[in-house]
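Below are the chains, spelled out letter by letter.
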Amino acid sequence: MSVIGIDFGNESCYIAVAKAGGIETIANDYSLRGTPSCVAFSQKNRILGVAAKNQMVTNMKNTVFGFKRLLGRKFSDPLVQKELKHFPFKVEQRSDGGIGIRVNYLNEDNVFTPEQITAMLLTKLKDVAATALQTQINDCVISVPSYFTNAERNALLNAAGIAGLNVLRLMNETTATALTYGIYKQDLPGAEEKPRNVVFVDFGHSSLQVSACAFNKGKLRILATATDAQCGGRDIDMALADYFTQDFVTRYKLDARKNQRAYLRLLQEVEKLKKQMSANSTRLPLNIECFMEERDVSGDMQRSQMEQICAETFNRVERTLRAILHNAKLRSEDIHSVEIVGGSTRIPAVKSLIEQAFGKHASTTLNQDEAVARGCALQCAMLSPAVRVREFSITDVQPYAVRLAWDAARNEDGDMEVFPAFHAAPFSKMLTFYRKEPFSVSAYYSDQVPYPDTFIGQWQIKDVQPTPEGESQKVKLKVRVNIHGIITVASASLVEKKQDTSQNENIEMENSSENAQNQDTPMETNGGNQDQQQQNGPENNQEVRDEEMKGEPQQKQSWTQRVGQWFSGESDDKKDKSKDKSKKVLVKTVELPIEAQTHGLSVHELNGYVEQEGKMQAQDRQEKERADARNALEEYVYELRGKLSEGETLHDFVAEDQRNKLVNHLDSVEQWLYDEGEDQNRQVYSDKLSELKTEGEPIKQRRLEFELRPGALDEFALSI
Ligand code: ATP
Ligand code: MG
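Overview of the structure. Here the residue numbering is sequential within each chain, running from 1 through the sequence in written order. Whichever chain is written first becomes A and whichever ligand is written first becomes 1, with later ones labelled in order. Owing to the predicted nature of the model, reporting of local features is limited to residues with pLDDT of at least 70; listing and counting of side-chain atom pairs is limited to 80 or more, with chain, interface and lining totals taken over all residues. With hydrogens and water stripped out, all remaining heavy atoms of the structure feed into the side-chain values.

1. Some points on the overall build of the protein
Here comes step 1: The number of helices and strands found in the protein is 17 helices and 33 strands.
Here comes step 2: Partly exposed residues are those whose accessible area sits between 20% and 50% of the maximum for their type, while under 20% is buried and over 50% is exposed, using a 1.4 Å probe and protein chains only. For the protein, the proportion of its 720 residues judged to be buried stands at 53%.
Here comes step 3: Of the contacts formed within the protein by residues at least 6 apart in sequence, a portion of 68% connects residues at least 24 apart.
Here comes step 4: Here the protein has roughly 32900 Å² of accessible surface; of this, 46% comes from carbon and sulfur atoms. Counting from the N terminus, the helices are the DSSP runs of H or I reaching at least four residues and the strands are the DSSP runs of E reaching at least two. Contacts are assigned to residue pairs that have any heavy atoms within 4.5 Å of one another. Here, Shrake-Rupley sampling with a 1.4 Å probe gives the accessible areas, and only protein chains in the shown set may cover a residue.

2. So, the nonpolar core
Here comes step 1: Put simply, a nonpolar core is a bunch of buried Ala, Val, Leu, Ile, Met, Phe, Trp, Tyr and Cys residues held in one set by side-chain atoms that sit within 4.5 Å of each other. Grouped together as the largest cluster of nonpolar side chains are 93 residues, with contacts concentrated most on Ile142 and Leu477.
Here comes step 2: Taken domain by domain, the makeup of this core includes at least three residues from each of domain 1 (2–230 + 314–394) and domain 2 (402–600).
Here comes step 3: With sequence-adjacent residues up to four places away left out, Ile142 is seen in contact with Ile6, Phe8, Leu122, Leu156, Ala160, Val167, Arg169, Leu170, Met171 and Cys376.
Here comes step 4: Membership of the second largest hydrophobic core comes to 53 residues, among which are Cys310, Leu325, Ala328 and Ala357. Domain boundaries shown here were taken from an automatic or database domain assignment.

3. As for the environment of Asn287
Here comes step 1: Assignment of secondary structure puts Asn287 in strand 16 (residues 284–292).
Here comes step 2: Sequence-wise, Asn287 and Leu273 are 14 residues apart; in three dimensions their C-alpha atoms are separated by 10.0 Å.
Here comes step 3: Ignoring sequence-local partners within four residues, the contact set of Asn287 consists of Glu269, Val297 and Ser298.

4. Quick look at helix 9 (residues 311–328)
Counting along an α-helix, one turn takes 3.6 residues, and residues three or four places apart therefore face a common direction.
Here comes step 1: The span you would expect from a helix comes to 1.5 Å times its residue count less one. Taking 1.5 Å per residue as the helical rise, helix 9 with its 18 residues ought to reach 26 Å, and the 26 Å between its terminal C-alpha atoms agrees with that figure.
Here comes step 2: Considered for burial, the residues of helix 9 that qualify are Thr313, Phe314, Val317, Thr320, Leu321, Ile324, Leu325 and Ala328. Down the axis, helix 9 shows its buried residues gathered within 145° of arc, on one side only. Those residues of helix 9 that are exposed and aimed more than 90 degrees away from the buried face are Glu312, Arg319 and His326.
Here comes step 3: Buried residues along helix 9 sit against strand 13 (196–203), strand 14 (208–216), strand 15 (219–228), helix 6 (233–252), helix 8 (303–309) and helix 10 (348–358). The arc refers to the directions leading from the helix axis to the C-beta atoms.

5. Section: the packing of helix 6 against helix 7 (residues 260–279)
Two packed helices can be described by the angle between their axes and the distance between those axes.
Here comes step 1: Every angle, taken between N-to-C directions, lies between 0 and 180 degrees, and every axis is a line fitted to C-alpha atoms, over only the stretch in contact when it is a helix. Taken N-terminus to C-terminus, the directions of helix 6 and helix 7 make an angle of 115°; their axes are 9 Å apart at the nearest point. Of the possible angle classes, the one that applies to helix 6 and helix 7 is roughly perpendicular. You can see that helix 6 and helix 7 cross each other, and the crossing is right-handed. Every residue of helix 7 that contacts helix 6 at Gly233, Ile236, Asp237, Met238, Leu240, Ala241, Asp242, Phe244, Thr245 and Phe248 is listed here: Tyr263, Leu266, Leu267, Val270, Glu271, Leu273, Lys274 and Met277. Oblique is the label for every angle not falling under 35 degrees (roughly parallel), over 145 degrees (roughly antiparallel), or within 65 to 115 degrees (roughly perpendicular). Should the near helix be turned anticlockwise from the far one by less than a right angle, the crossing is termed left-handed; should it be turned clockwise, right-handed.

6. Examining unusual backbone geometry
A negative phi holds for most residues other than glycine; trans holds for most peptide bonds.
Here comes step 1: The residue after Ala425, namely Pro426, is reached through a cis peptide bond having omega -5°.
Here comes step 2: Position of Pro426 relative to the elements: it lies in the loop between strand 23 (423–425) and strand 24 (427–435).
Here comes step 3: In this structure, Phe422 is a non-glycine residue whose phi angle is positive, near 65°.
Here comes step 4: On the basis of relative accessible area, Phe422 is assigned to the partly exposed category, the value being 24%.

7. Some thoughts on the packing of helix 3 (residues 114–133) against helix 4 (residues 150–162)
Here comes step 1: Between helix 3 and helix 4, the least distance of the axes is 8 Å, while the angle of their chain directions is 50°. Accordingly, the angle class assigned to the pair helix 3 and helix 4 is oblique. Handedness of the helix 3/helix 4 crossing: right-handed. Judged by residue contacts, Glu115, Gln116, Thr118, Ala119 and Leu122 of helix 3 engage Ala155, Leu156, Asn158, Ala159, Ala160 and Ile162 from helix 4.
Here comes step 2: The residue makeup of the contact of helix 3 with helix 4, split by class, is 7 nonpolar, 3 polar and 1 charged. As a working rule, the residues Ala, Val, Leu, Ile, Met, Phe, Trp, Tyr, Cys and Pro are called nonpolar, Asp, Glu, Lys and Arg charged, and the rest polar, with Gly in that last group.

8. A closer look at helix 4
Here comes step 1: Under the 1.5 Å per step criterion, the end-to-end length of helix 4 is 18 Å for 13 residues, consistent within 8% with the ideal 18 Å.
Here comes step 2: In terms of burial, helix 4 is a largely internal element, 12 of the 13 residues being buried.
Here comes step 3: Of the residues making up helix 4, those classed as buried are Asn150, Ala151, Glu152, Arg153, Asn154, Ala155, Leu156, Leu157, Asn158, Ala159, Ala160 and Ile162.

9. A closer look at the sheet that holds strand 20 (residues 393–398)
Across a sheet, paired strands are connected by hydrogen bonds in the backbone, their directions being either parallel or antiparallel.
Here comes step 1: Here the rule is simple: two strands pair whenever DSSP picks up at least two bridges between them. The strand order across the open sheet built from 7 strands is 19-18-13-14-15-20-23, with neighbouring strands paired in mixed fashion. The open sheet has two edge strands with one neighbour each: strand 19 (362–363) and strand 23.
Here comes step 2: Across 3 bridges, the pairing between strand 20 and strand 23 is antiparallel. Along strand 23, the bridge assignment pairs Val397 with Ala424.
Here comes step 3: Packed onto the sheet, helix 5 (residues 173–183) meets strand 13, strand 14, strand 15, strand 18 (337–341) and strand 20 and runs at close to 130° relative to strand 13.

10. Overview of the site of ligand 1
Here comes step 1: The nearness test applies per residue and asks whether one of its heavy atoms lies within 4 Å of the molecule or strand. The local shell around ligand 1 holds 20 residues, among which Asn10, Lys68, Glu271, Lys274 and Ser278 are the closest.
Here comes step 2: Contact distances for ligand 1 include 3.0 Å between an oxygen atom and a backbone N or O atom of His205.
Here comes step 3: Within 3.5 Å is the distance limit for a polar contact, defined as a pair of N or O atoms, with the added protein rule that one can donate a hydrogen and the other accept it, and that residues adjacent in sequence qualify only through two side-chain atoms. A distance of 3.3 Å separates an oxygen atom of ligand 1 from a polar backbone atom of Ser344.
Here comes step 4: Calculation on ligand 1 without its partners gives an accessible area of 650 Å², and the protein chains cover 92% of this total.
Here comes step 5: For the shell around ligand 1, the secondary-structure elements that each account for two or more residues are helix 6 and helix 7.
Here comes step 6: At 4 residues, helix 7 tops the list of elements feeding residues into the shell around ligand 1.
Here comes step 7: Of the residues assigned to the shell around ligand 1, the class counts are 1 nonpolar, 12 polar and 7 charged.

11. Considerations on the sheet that holds strand 10 (residues 108–112)
Here comes step 1: Read from one edge of the open sheet, 3 strands run 8-9-10, paired in antiparallel fashion. Because the sheet does not close on itself, it has two edges, and the strands there are strand 8 (90–93) and strand 10. Each neighbouring strand pair of the sheet contributes to a mean axis angle of 35°, computed without reference to strand direction.
Here comes step 2: As paired strands, strand 8 and strand 9 (residues 99–105) are joined by 4 bridges and run antiparallel to one another. Considered in strand 9, the bridge of Gln93 is made with Ile99.
Here comes step 3: Across the sheet, helix 3 lies against strand 9 and strand 10, angled at about 95° from strand 10, the strand it touches most.

12. Section: the side chain of Asp77
Here comes step 1: Here Asp77 lies in the loop between strand 7 (63–65) and helix 2 (78–84).
Here comes step 2: For Asp77, a relative accessible area of 3% corresponds to the buried category.

Okay, structure coming up:
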């Protein structure tokens, strides 16, 4: 079983694999490391990755791209409205308010969700990895922008679910980069020494992400992030395209805004020009043949001009670079180095902004395109038992403050901040409620989030009843930022206490207590975590305990194992330090059912999409087999006819009239292939191939037998 890391970029994806010898990046079916985030549809199949991008201009309405930023959003979302202005394909509102992408597939109108489209791309990546590694792929770590909110993260997990991938972690992109940087560094400061602070800048296609990270030997801790979700390389392309559009209107009276195909070609050309300008400061040409109205256009630009046209983008970059110093509470002197990744950090202006903001050169220690995928593969290896890698502790952050609100109890409403911005993650907090009846809590982002709605989720805690004496029960909620960066109420349990009476039972129960508590011990393998004790909350009865957690699945298990078990131990408030067992309190925790209402697909919807994806894959496979059969037939026709011609290997191994008949037959099959034989099913092609082979193979056989005779080749050489 292989463990892989996937960098799911807005423009392109990279896959890396962790092997005994280290991390490798996997090349796709076009021998390229980067696979475009592009999914297209045709009358017969889906076209994924490189092939999809290659046919974009000729199949514009059915080639979908830029969908990373649509995940988890509603159609009415202002960001979505802004994105879809640039899409040549149709996007519409679904009945549930979600996004529908309408394409023509198998000669029918089909509407897919962004989750489905993402799943299609992920199946391609899974396939690329499975082919390269010659093994099944299930476990993976997928990257997400650190600014992704709950809704977006859930949507990506759903997409992976549709693609049949088991995501061990959604990993923040700059954290993956930090891991790639840190794991092989031999000279990091010791555990007790002042950490090395490194800033990572990832300027990609759709956004800019910066993070500050503190490294010590064997561990990294993200201090803070600063991001601009609306500032990426594509904004430069669009500014340049606007400039040239205006230029062509003036000089040629051709308006690219009136022709989507022309605009798309212009975007592709300015992107090329932009890349050339990164390496070259002289004036560079831009030529597009047959641009509009069958006319060619040309223009030119030099770097300084581009910098002026894109000034707004560069101002935003500068602002975000400065924000990281503020968010991480660092001065530029505190920073050891600034590492850059992401395609758009190749732009010289970006490098000089970095120099100005931090007073040091941008360093390029890492592979700019592959660092994220490599970090994800490393993390996947760490989380999976399949591959052993060096231990490395990772503490990430949750970038937005999160509030929890609860409904009326004793006529009091309440809410509190459970996680301040840049709180360590993954992390769990225990909140204690005293309740006589079922109740609900809701979580909200309390900061400005790049999402139109701050709601995270609502959780109904069921089956709460008063004690036999009519008193409130103690209910503990575990509120968690989980390993994917998703905020959730992970469990609710009723805590019942009674004085111990039975010594025997006590001893037995003590063991189970230890087991249960050990399993619940924070972050055994993640290390470096402080177990904070804290009294907090607006009401006296809100007792808060912080503890850091490992991954979700293990925790779930430990909690279910605790259900209904009595165990003895120190009481929760840790006042009872007595070793005298007779004074110990028996504690029983009962897991309470929770009904969650949060983002993401229902199981029913997910199953429907999984089934639909399965059918599309079967269709793609069938189409591939059909195309392969057609190609095999075509190839045989060319090969045999070639060899039968004058002076070629089979020419003299068949009588002339038979040869002429066969060549005629081959010609007619060729004719048929381009005519009605263009679109037949697989069997028709393989039947025709067998028919030709009954004529062609005996000739080949005669030639072979001739060659195998001693001295045959000399004789053959004399004969020609
Ligand atoms: P994101 O991280 O935003 O989801 P991504 O990971 O797909 O997207 P990258 O592959 O890091 O993005 O970067 C792609 C961007 O980098 C594109 O906008 C591309 O034009 C730009 N780019 C690549 N090479 C250069 C270059 N030499 N000069 C300028 N820009 C470049
Ligand atoms: Mg990226």
